[in-house]
Amino acid sequence: MKKGQVYEAIVERVDYPGKGIAHVGEDTVIIKNCLPGQKIRFRVKKVRNGKAEGLLLEVVESSPQETGQPCSRFGVCGGCNYLSLPYGEQLKMKEGQMKRLLDQCLSGQEESWVWEGIKGSPVEYEYRNKMEFSFGDEVKDGPLALGMHRRGSFYDVVTVEDCRIVDEDYRLILRAVREYFAREGSPEWKVRYFHRLRHEGYLRHLLVRKASRTGEILVALVTTSQSPWGGAVCDSRQQAGECAAFGEEMTEERLLKGFSDGLLALEKDGRLKGRFAGILHIVNDSLADAVISDRTEVLYGREYFYEELLGLTFKISTFSFFQTNSFGAEILYETAREYIGNPGSGREDGKPDKVVFDLYSGTGTIAQLMAPVAGRVIGVEIVEEAVLAARRNAEENGLKNCEFIAGDVLKVLDQVEEKPDLIILDPPRDGIHPKALPKIMAYGVERIVYISCKPTSLVRDLDMFLGGGYRVEKAVAVDQFPWTANCEVIVLLTRIHKRSGEL
């Protein structure tokens, strides 16, 4: 194969994360955004050491496993990868992906280990409890779009009004907000979206969070501090011309009130199944394409909502980390708790006395689940807002043996005087800092439970654990993200005890 040539091939399998594997003669080619069994046409982008990378041009024939696409934007929107596959087939594919990664990583481990397969999400559709939508346009100078980025595009935004991984409340909110800001009228009404190349404009993101158990909804409109209609930076009272829709002088303050009132109307007329806990306006002038806050204004209600999980109540604020699939999270945490087991007790009366470290603790979900069987649980999390939420959650749940520390795990471990009897790891997608791993292993605890949301980071970290005196005892995959390429893996690591006289 040569760069630039076009070929046809059958996709044999898909490796994590979404890498289709096909062969042309004896050469192997990797193509993204395809499914097992599809006949595809692709252009060769790169060739190296007998392997090539290809760009998908066309699906010539669908896979025999495909059963349709329940979303009209599937294949255009970058959100879902496997929506046209039956869920059972998707689970088989993800299980194979996770098992291949671990088999390769653990090929040098002398001791046997147990693969426990994959656990599916209890809810296949409409499972997400958080979405970050972007403002933009689908084509250059086209009408205002609000949704997800087009697959493979840094700029184009696709409106996804029939998205299947969120429920009808999300779809109603998305539709109402887009129509409000795209309203036709006088030229002064046209509100500009933030252009990521020119760094000009007002509308950036729409953040929607909804508690699956309580039904509370938190919505945040993210904008810049620039004028909604162009010109210099404005404050909330700066005049912006005559608005045909209001028939009076238009200001940013009135614009935001109309946004809030329009959402509340959805609740008042009974169209929403949930209810608004809060509606916020977040100002973000960062150049990064991320939902962050320079300033937050509450337009209605409060800055947080409540969710229930495994008998515990959690207070979740705008930026608090919380698993995006509440029903799947219960499966994930119940499985993690099984892997952790009972830490045991060294007290004569049998009361819990063991110290558990929950590193990368987020809002403290796992720490609070462990609290009843531990003497003390110490959570470490770098996001200060999440730590504050974890402390409040533990207090509201009546748990007095949990401590949460704000800071980088790499630095905090040098400051904590207590030594753990058990360690739980639930790091972000990039995994554990390489310099933190030796500190974690130096405690010499008998068991470490690693919960990973990015399996490639997991296998990288496992290499260090295997070289530092630990072995993998068992592992299981948990599908928290149906229809996407993502999957979580839980691994139980145990310390190897060397035989007497062995170096």
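Residues numbered from 1 in each chain as written. Predicted model: local features only at pLDDT ≥ 70, side-chain atom pairs only at ≥ 80, totals over all residues. Heavy atoms only, no water.

**Focus on the pattern of salt bridges**
This model, assessed by the stated rule, comprises 30 salt bridges. Its salt-bridge partner being Arg198, residue Glu200 comes within 3.9 Å of it at the nearest N-O pair. You can call Glu200 partly exposed: its relative accessible area is 41%. Look at the salt bridges and you will find they share partners, linking Glu8, Lys39, Arg41 and Glu58 into a network. (Salt bridge = Lys/Arg side-chain N within 4 Å of Asp/Glu carboxyl O. Buried < 20%, exposed > 50% of the residue type's maximum accessible area, 1.4 Å probe, protein only.)

**A few points about the nonpolar core**
Counting residues in hydrophobic clusters, the biggest one holds 91 residues, and the most contacted among them are Ile173, Phe181, Leu206, Phe259, Leu359, Leu425 and Phe465. Apart from residues lying up to four places away in sequence, Leu359 is in contact with Val380, Val409, Leu413, Ile423, Ile424, Leu425, Asp426 and Ile440. (Core = buried A, V, L, I, M, F, W, Y, C linked by side-chain atoms within 4.5 Å. Contact = heavy atoms within 4.5 Å.)

**Details of the side chain of Gln480**
Position of Gln480 relative to the elements: it lies in the loop between strand E24 (470–478) and strand E25 (488–495). A polar atom in the side chain of Gln480 sits 2.8 Å from the backbone nitrogen of Ala329. Not counting chain neighbours up to four residues away, the residues in contact with Gln480 comprise Tyr127, Gln323, Asn325, Gly328, Ala329, Leu332 and Glu488. (Helix = DSSP H or I, 4+ residues; strand = E, 2+ residues; numbered from the N terminus. Polar contact = N/O pair within 3.5 Å; in protein donor to acceptor, adjacent residues only side chain to side chain.)

**Topic: helix H4 (residues 326–340)**
A rise of 1.5 Å per residue sets the reference length of H4, with its 15 residues, at 21 Å; its end C-alpha atoms lie 21 Å apart and thus fit the reference within 8%. All of the buried residues along H4 are Ser326, Gly328, Ala329, Glu330, Leu332, Tyr333, Thr335, Ala336, Tyr339 and Ile340. Two to three positions downstream of the cap, the backbone nitrogen of Phe327 sits 3.3 Å from a side-chain oxygen, assigning the N-cap of H4 to Asn325. Directly after H4, the chain includes Gly341, whose backbone phi takes a positive value near 70°. (Expected span 1.5 Å × (residues − 1).)

**Some words on helix H9 (residues 455–467)**
Along an α-helix, a turn takes 3.6 residues, which lines up residues three or four apart on a common side. Between its first and last C-alpha, H9 extends 19 Å over 13 residues, near the 18 Å set by a 1.5 Å rise per residue. Residues of H9 that are buried include every one of Pro455, Ser457, Leu458, Val459, Asp461, Leu462 and Phe465, and no others. The secondary structure elements touched by the buried residues of H9 are helix H1 (87–105), strand E22 (422–425), helix H8 (436–442), strand E23 (447–452), E24 and E25. Two residues or fewer after H9 comes Gly469, characterised by a positive phi angle close to 95°.

**Observations concerning the sheet that holds strand E3 (residues 19–24)**
With respect to topology, six strands assemble into an open sheet ordered E1-E5-E6-E4-E3-E2, the strand pairing being mixed. This sheet does not close on itself; its edge strands, each paired only once, are strand E1 (6–10) and strand E2 (13–15). Direction aside, neighbouring strands of the sheet carry axes that sit 45° apart on average. Sheet topology note: the strand E5 (residues 39–48)/strand E6 (residues 51–61) ladder contains nine bridges and is antiparallel. Residue pairing for E6: Val44 is matched across the bridge by Gly54. (Pairing = 2+ DSSP bridges. Axes fitted to C-alpha atoms, helices over the stretch in contact; angles between N-to-C directions.)

**Points about the pairing of strand E17 (residues 304–309)**
Alternating residues of E17 divide into Phe305, Glu307 and Leu309, all buried, and Tyr304, Tyr306 and Glu308, none buried. For E17 and strand E18 (residues 312–317), the ladder comprises six bridges, and the chain directions are antiparallel. By the bridge assignment for E18, Glu307 is matched with Phe314. The hairpin formed by E17 and E18 contains two residues between the paired strands, and Leu310 there has a positive phi angle of roughly 50°.

**Details of a positive patch on the surface**
Taken together, the side chains of Lys3, Lys19, Lys32, Lys45, Lys46 and Arg48 present a region of like positive charge at the surface. Looking at the positive patch, the element that brings in the most residues is E5, giving three residues. Relative to the helices and strands, Lys19 resides in strand E3. By relative accessible area, Lys19 is classed as partly exposed at 33%. (Patch = residues over 30% accessible without salt bridge, like charges linked within 9 Å, V, L, I, M, F, W, Y side chains within 5 Å. Areas by Shrake-Rupley, 256 points an atom, 1.4 Å probe, with all protein chains shown as cover. Lys, Arg positive; Asp, Glu negative; His and termini not counted. Charge placed at Lys NZ, Arg CZ, Asp CG, Glu CD.)

**Quick look at the sheet that holds strand E9 (residues 144–149)**
Spatially, seven strands are ordered E10-E9-E8-E11-E12-E15-E16 in an open sheet, and the strand pairing comes out mixed. Taken across any chain shown, the strands that pair with only one partner, and hence form the sheet edges, are strand E10 (157–159) and strand E16 (295–301). Across the sheet, the axes of successive neighbouring strands diverge by a mean angle of 35°, strand direction being ignored. Here six bridges tie strand E15 (residues 275–283) to E16, and the two strands are oriented antiparallel to one another. Among the inter-strand pairings, Val283 is bridged to a residue of E16, identified as Arg295. Relative to strand E11 (residues 203–210), helix H2 (residues 168–181) is tilted by about 155°, and along the sheet it contacts strand E8 (130–137), E9, E10, E11, strand E12 (216–223) and E15. Its contacts with the sheet put helix H3 (residues 252–268) on E11, E12, E15 and E16, and the angle it makes with E15 is roughly 160°.

**Quick word on the confidence of the model for the chain**
In regions of low pLDDT, the predicted coordinates are not meant to be interpreted in detail. When pLDDT is averaged along the chain, the result is 89; 94% of the residues meet or exceed 70. The low-confidence segment residues 232–248 (pLDDT under 50) makes 44 contacts with residues lying over four places distant or belonging to another chain. For the stretch residues 499–503, pLDDT sits under 50, and the model shows one contact to residues farther than four places along the chain or on other chains. (pLDDT = per-residue confidence, 0-100.)

**Quick look at the packing of H2 against H3**
At a minimum axis distance of 10 Å, the contact between H2 and H3 shows a crossing angle of 150°. Crossing of H2 over H3 shows right-handed handedness. Here H2 contributes Leu172, Ile173, Ala176, Val177, Tyr180 and Phe181 to the contact with H3, which in turn contributes Arg254, Leu255, Gly258, Phe259, Leu263 and Leu266. When the residues that make up the contact of H2 with H3 are grouped by side-chain class, the tally is 10 nonpolar, one polar and one charged. (Left-handed = near helix turned anticlockwise from the far one by under 90°. Nonpolar A, V, L, I, M, F, W, Y, C, P; charged D, E, K, R; others polar.)

**Details of the packing of aromatic side chains**
Two descriptors summarise a pair of aromatic rings, namely the distance from one centre to the other and the angle between the planes of the rings. For the coordinates displayed, the defined rule picks out 11 aromatic pairs. Taking 5.5 Å as the distance between ring centres and 55° as the angle between the ring planes, the aromatic pair formed by Tyr87 and Trp483 counts as tilted. A residue pair is termed long-range when its members are at least 10 positions apart, and Tyr87 in helix H1 and Trp483 in the loop between E24 and E25 qualify at 396 residues. Neither residue differs from the other here; Tyr87 and Trp483 are each classed as buried. Where Tyr125 meets Trp483, the ring centres are 5.0 Å apart and the plane angle is 20°; that geometry is what we call stacked. A residue pair is termed long-range when its members are at least 10 positions apart, and Tyr125 in the loop between strand E7 (114–119) and E8 and Trp483 in the loop between E24 and E25 qualify at 358 residues. On the basis of relative accessible area, Tyr125 is assigned to the partly exposed category, the value being 28%. For Trp483, a relative accessible area of 1% puts it in the buried group. Above the face of the Tyr304 ring, Lys315 is positioned so that its terminal group lies 4.1 Å from the ring centre. Above the face of the Tyr339 ring, Lys474 is positioned so that its terminal group lies 4.4 Å from the ring centre. (Phe/Tyr/Trp six-rings, centres within 6.5 Å; stacked < 30°, edge-to-face > 60°. Lys NZ or Arg CZ within 6 Å of the ring centre and 35° of its normal.)

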